[in-house]
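One-letter residues, chain by chain:
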Amino acid sequence: MDALLEVHDVHLSFGGLQALDGPSLTVADGEVVGLIGPNGAGKTSLFNCINGLYRPQSGSVRVLGREVAGLPRHRIAGLGVGRTFQNLGLLASQTVLENVLAGAYHATRGGWWATVLDLPDVRRTEDRLRARALELLTELDLADVAGRPVGTLPFGTLKRIELARALVGEPRLLLVDEPANGLVHSEVAELGATLRRLATDRGAAILLVEHHMGLVTSVCDRVVVLDFGRLIAEGDPREVARDPQVVAAYLGTAA
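No experiment lies behind these values; they were computed from the predicted model shown.

A.B. asks: What's the story with the overall build of the chain in this structure? I'm lost.
C.D. replies: On a plain count of helices and strands, the chain comes out with ten helices and eleven strands. Seen along its three principal axes, the alpha-carbon backbone of the chain occupies a region of about 65 × 40 × 35 Å. Here the chain holds 255 residues, and 47% of them are scored as buried. Here the contacts in the chain between residues at least 6 apart in sequence split such that 68% fall between residues at least 24 apart. As displayed, the chain offers around 12300 Å² of accessible surface, 52% of which is attributable to carbon and sulfur atoms. In the chain, the 25 positive side-chain charges and the 30 negative ones have mean positions that sit 5 Å from each other.

Next comes the structure, spelled out in structure tokens:
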């Protein structure tokens, strides 16, 4: 499989703190890759380099063969990169549908004046995105709450809204940051089935940061392990979980 995402020898530091110390990885179309490691390993920092929140000091981040390090975030999103966040950033007073549509800002066309004048191209784009958002809400079992303010809904539902918002722009690459955090067992199983379906049926490439190892082993084709910003293991999830370096990273050298 051709790699949709290619990360090579990325270095990122903040003053004297080395957040990323040269990790390299790839993710192909239709592949789910787990990015795991103890707290502070550099997982979210690597996500931030991929979607433009951080610019690494050296190394390469390529999406569809194009270098994206240093590009504005909206340009990276326009290349087909979507992301969910560990700390939900939903707008509590807005409806579910409005929150999901906010994830498609990079797909709008026409500029400020075209929007104010309600030109036909703008209306067509808005109609298409609204139809796409409603389709996603149905797929993720959210159609019944489409008109509800987000602030009135339970946490598990908010996680699905966050996923819908990331998907509305039809990303080729989806970065998913700790989606199982705070979910009950049945919700984790449902989430795993959704992620696997996105990869299998739509061919999405998914990079998953997650501490819930049951979810990781059930949905990931392979995993990459970071520790102190360095890649220490890569391969089949069950085999990697038995790697002595990985055990030591999570539990301490004495383990």
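A.B. asks: What is the right way to look at the pairing of strand β4 (residues 32–36) in this model?
C.D. replies: Moving residue by residue along a regular strand, the side chains alternate between the two faces of the sheet. For β4, a buried count of five out of five residues is recorded, marking the element as mostly surrounded by other parts of the structure. A two-sided burial pattern is seen for β4, the buried positions comprising Val-32, Gly-34 and Ile-36 on one face and Val-33 and Leu-35 on the other. Looking at chain direction, β4 and strand β10 (residues 222–227) are connected through four bridges and run parallel. When the sheet's bridge partners are listed, Leu-35 is paired in β10 with Val-224.

A.B. asks: Sorry, what's going on with the nonpolar core here?
C.D. replies: Note that soluble globular proteins tend to have their nonpolar side chains buried in a common cluster. If you look at the biggest cluster of nonpolar residues, it comprises 47 residues, and the most contacted ones within it are Val-96, Val-100, Ile-161, Leu-174 and Ile-206. Broken down by element, this core gets its largest block of residues, six residues, from helix α6 (residues 155–167). Lining this core are residues from two domains, each supplying at least three of them: domain 1 (1–80 + 171–255) and domain 2 (90–170). When sequence neighbours within four positions are dropped, the list of residues in contact with Ile-161 reads Leu-90, Val-96, Asn-99, Val-100, Leu-142, Val-150 and Leu-153. The next biggest cluster of nonpolar side chains, apart from the first, holds 29 residues, and it includes Leu-25, Cys-49, Val-61 and Ala-205.

A.B. asks: Explain the packing of α6 against helix α7 (residues 185–202) here, please?
C.D. replies: A pair of packed helices is captured by two measures, namely the crossing angle of their axes and the spacing between those axes. At a closest axis distance of 11 Å, the pairing of α6 and α7 adopts a crossing angle of 10°. Between α6 and α7, the crossing angle belongs to the class labelled roughly parallel. Two secondary-structure elements touch here, α6 through Gly-156, Arg-160, Leu-163 and Leu-167 and α7 through Glu-187, Glu-190, Leu-191, Thr-194 and Leu-198. Taken together, the residues of the contact of α6 with α7 break down into four nonpolar, two polar and three charged.

A.B. asks: What am I meant to see in the domain arrangement of the chain here?
C.D. replies: Often, the extent of an interface is quoted as the loss of accessible area upon association of its parts. Looking at the chain, the domain boundaries give domain 1 (1–80 + 171–255) and domain 2 (90–170). Centre-to-centre, using C-alpha coordinates, domain 1 lies 26 Å away from domain 2. The partner domain 2 presents 15 residues to the 19 residues of domain 1 that form the contact. For the pair domain 1 and domain 2, the two sides together bury roughly 1200 Å², of which 59% comes from carbon and sulfur. Interface area lost by domain 1 to domain 2 is led by Pro-171, Leu-174 and Arg-202, which between them contribute 36%.

A.B. asks: Help me out: how do you make sense of the pattern of salt bridges in this one?
C.D. replies: If the charged atoms of two oppositely charged side chains come close together, the side chains can form a pair. Summed over the entire model, instances satisfying the criterion amount to nine salt bridges. Residue Glu-139 pairs with Arg-202 through a salt bridge whose shortest N-O separation is 2.2 Å. Of the two residues, Glu-139 is situated in helix α5 (residues 120–139) and Arg-202 in helix α7; the sequence distance between them amounts to 63 residues. A relative accessible area of 29% means that Glu-139 is categorised as partly exposed. One connected set of salt bridges, linked through shared partners, spans Glu-31, Arg-222 and Glu-234.

Reading the values: rules and limits
Residues numbered from 1 in each chain as written. Predicted model: local features only at pLDDT ≥ 70, side-chain atom pairs only at ≥ 80, totals over all residues. Heavy atoms only, no water. Helix = DSSP H or I, 4+ residues; strand = E, 2+ residues; numbered from the N terminus. Buried < 20%, exposed > 50% of the residue type's maximum accessible area, 1.4 Å probe, protein only. Contact = heavy atoms within 4.5 Å. Areas by Shrake-Rupley, 256 points an atom, 1.4 Å probe, with all protein chains shown as cover. Lys, Arg positive; Asp, Glu negative; His and termini not counted. Charge placed at Lys NZ, Arg CZ, Asp CG, Glu CD. Pairing = 2+ DSSP bridges. Core = buried A, V, L, I, M, F, W, Y, C linked by side-chain atoms within 4.5 Å. Domains from an automatic or database assignment. Axes fitted to C-alpha atoms, helices over the stretch in contact; angles between N-to-C directions. Parallel < 35°, antiparallel > 145°, perpendicular 65-115°, else oblique. Nonpolar A, V, L, I, M, F, W, Y, C, P; charged D, E, K, R; others polar. Buried area = accessible area lost by both parts, 1.4 Å probe. Salt bridge = Lys/Arg side-chain N within 4 Å of Asp/Glu carboxyl O.

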